[in-house]
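If you want the building blocks of each chain, they are given just below.
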Amino acid sequence: MNRKSNYWGTGRIGKSILLFAPMMMLIMLMLLGSASGGDAATQIARLITIAFFGAMFFLIIYTGKTDKWRAVAFIVSALLFCIAFIHNLILERGSMTFSNAEELSCTIPFCHIVTTMMIIPAAVKQTILFPGSLVEGFASISAMFVIVLCFSIVLGRGFCSWGCFYGGWDDGTSRILRKPVIKKVNNSYKWFSFAMLIVMALWSAEAAEPTYCSWLCPFKAVTENERIVDTITLIKNIIFTLTFAVLVVVLPLLTKKRIQCATFCPMGALLSLFNKINIFEVKNDTSKCIGCGKCEKACPMLAIEKRCPTLTCSKCGKCVDACPTGAMRFHIKGTPIDKHTTIARTLFIFPAYTFLVTLCGGSVANGLALIINLFI
Amino acid sequence: MKKILSVFAYIWASLGTLTILVAFIGMGSWQQLSLNLPFMRVDPQYSGGAVVDSVVRNNLKISIHENVFPGVFRQSGNGFVQIDVNQCPADTIRIDSLLINNKITTISATPEKAEADGFEIEDFVKLADRWIIRLKIEK
Amino acid sequence: MVESLLIGLSTSASCVAQCGNIILSIIMAEKKSVGQSYGLLSGFMLGRLLIYSGISAVISLIDSAATIPAGVTAVSLIAVSAIMLIYSIGKTKQLCLGHHFTRKIYSACHGRISLLAFAAGALSSLNICPPIISLIASSIGTKAVFANFAMFFIGTSVFFLPMPLIGAIKNTEAVTKTGRAAALIVSIIFLAKGIGILTSGQI
């Protein structure tokens, strides 16, 4: 059995550097472009961040392994994002919890998952049903609107593996054990996220509040949540903690699947619909497929059925890396499956990685600066 | 035909990075453009609604917002009127003769609590630059 | 009324998953044109509307002046939650009585396919499916019973409309499973609402 080549073959360092160079320039542009000054820790952190993202991209290109190095960058981004985010909140309001004051002053950061609950009110009442700022502050509504539109069109559900600063959590916990304890996870569970999308969208419109955020979001446990002032807020915080523990830590650990992302997140379900119009996809070249099923076992998003990626594929590249014959590959719709596979992969990785760096790079640098400040 | 489709597909795929760069580098402009969209306004149940009157009472600048009845498909029977005190007084304040929902009321507030004649207080928060008082109203 | 529409819309995925398979299988078996398939669907819908009108008339006659205590509402919400929970985890085929009746009628009415569609719609509406129970729970004691059922009918009909466009629904497994999952989520929401009423001191 031929191991698929990492497209130019290991050792073609020149071509790797050729691709790495423009990305390195982009990384420096996005991370240095608007930032200047700062104390020693900030400057060191910025340099480390640039070197880190550059190194990960080089390894993606040079080794030909997409998922392995993408995951490192993705998981680190998620962890440091949360550190930087919580620190920001403490600086602004003195606490990672929010109360009536933040709601009434409309200063709650707008998260991309809220988009799913805003669709019906925006269409019916032409308002944003969220206590956020339209233009000011961290994660304003208008900024997130532009970002959501951008990644929906360019990446489709690829956002879940190349941008989402929450996804890195269960991507990380799903990789801790070498082998799954729960070996078989029914792919049908992924439809639960579509049910979440439908019910949350309708329930939010009925209740006139973003109900997933108010009651269910697991990531409230690691970002911001309501201050506990009565029984209701206590119950909410218990739910947040439980859903985080179960869906983001325990189940991904035991199954080696991204349970929260694959089965619970309504935004993931919405982005799956964008996969239909997205130019990039992961496809199986059946002429090379030997039916070993490694792709299906490897897929963390329960997206592969009968060795074909389905609507919920997040283009993480894990199946591409796992495939022993190179049948699984990144593909551009409308082009021949058996030609220019290198170009297809490169054309996808460039925007995907650029998005990761742009969205999370600043937070990674800030989070790193906070850690460095502990030591100097 | 297939070749033309392929070329078009590659061109479209190549635009991905450019799209992301344009979106982030020009974020300020895109944000301003997006504000022109009809749904780009925070729901009145959070923003308090539009200001319908500004008055001065006892050297305090007061903004009175419109009546707000929350709901998406239908308005709730219970709503509120938001009053902004556009300073942060350290002491007790008294706002006389405010016309709220066709009733004249007097609002008194300390940094700890607020009271209004003829209205229940729904919310009272002190921000860095102003106090917000919400009075309960019914349809 | 809007709540009834929302009950219809939010549970229509599970409605399609269970009852929609009946009309879909008829449409697919007949292999008619899109226009003719919409004719079949119309017959199916007419049967549903007739039964919903009947149920609403019965409820309005029985409960014209009664008010339901908060405790009863809470218990009924919890009961609906329990049924939706069982329904969602796949042990509720027995609850859909209409499913068995329509299969028998199909073989008896061979040739009169439009009548079959009508009968299928009427009988599948008779089944004590959880969305109907939740609608009855929310309609009892209100004055707009018929309007509630009409809105529920419209809400549940929305997802039936694309059915004659067979090509639009290739993955019926996705619809079935999404519907079942939606029923589970709705059961949790109903349970929380019921418990909320019980613990809020309104009883």
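None of these values were measured; they are calculated from a predicted model. (Residues numbered from 1 in each chain as written. Chains lettered and ligands numbered in written order. Predicted model: local features only at pLDDT ≥ 70, side-chain atom pairs only at ≥ 80, totals over all residues.)

Residue and element names in this part refer to chain B. Strand order in the open sheet made by the five strands is β1-β2-β3-β8-β7, with antiparallel pairing throughout. Looking at the sheet topology across the chains shown, the edges are occupied by β1 (51–57) and β7 (121–126). Within this sheet the neighbouring strands show an average axis-to-axis angle of 20 degrees, counted without direction. Where strand β3 (residues 78–85) meets strand β8 (residues 131–138), eight bridges bridge the pair, whose relative direction is antiparallel. Pairing of Gly 79 across the sheet is with Ile 137, part of β8. (Pairing = 2+ DSSP bridges. Helix = DSSP H or I, 4+ residues; strand = E, 2+ residues; numbered from the N terminus. Axes fitted to C-alpha atoms, helices over the stretch in contact; angles between N-to-C directions.)

With that out of the way, let us pick up helix α2 (residues 40–63) of chain A. All names here are of chain A. If you check α2, its first and last C-alpha atoms are 34 Å apart, about what 24 residues at 1.5 Å a residue would give, namely 34 Å. Those residues of α2 that fall on the buried side of the exposure criterion are Ala 45, Arg 46, Thr 49, Ile 50, Phe 53, Met 56, Phe 57, Ile 60, Ile 61 and Tyr 62. Turning to α2, the residues buried within the fold contact α1 (13–32), α3 (66–93) and α16 (341–375). Of the residues trailing α2, Gly 64 is marked for its positive phi of about 80 degrees. (Expected span 1.5 Å × (residues − 1). Buried ≥ 20, exposed ≤ 12 C-beta atoms within 10 Å, placed from the backbone. Contact = placed C-beta atoms within 7 Å.)

Residues and elements named next belong to chain A. Per the domain assignment, the segments of chain A are domain 1 (10–74 + 341–376), domain 2 (96–278) and domain 3 (282–339). Taken over C-alpha atoms, the centre of domain 1 sits 26 Å from the centre of domain 2. Tallying the contact residues gives nine residues for domain 1 and twelve residues for domain 2. Those elements giving two or more residues to the side of domain 1 that touches domain 2 turn out to be α3 and α16. In terms of residue class, the side of domain 1 that touches domain 2 is built from eight nonpolar, no polar and one charged. (Domains from an automatic or database assignment. Nonpolar A, V, L, I, M, F, W, Y, C, P; charged D, E, K, R; others polar.)

In this section: the environment of C:Ser114. Residue and element names in this part refer to chain C. Along the chain, Ser 114 falls in helix α5 (residues 113–126). Overall, Ser 114 belongs to the partly exposed group, with 16 C-beta atoms counted inside 10 Å. Between the C-alpha atom of Ser 114 and that of Ile 78, which follows or precedes it by 36 residues, the distance is 39 Å. Beyond its immediate sequence surroundings of up to four residues, Ser 114 is in contact with Gly 39, Leu 40 and Gly 43.

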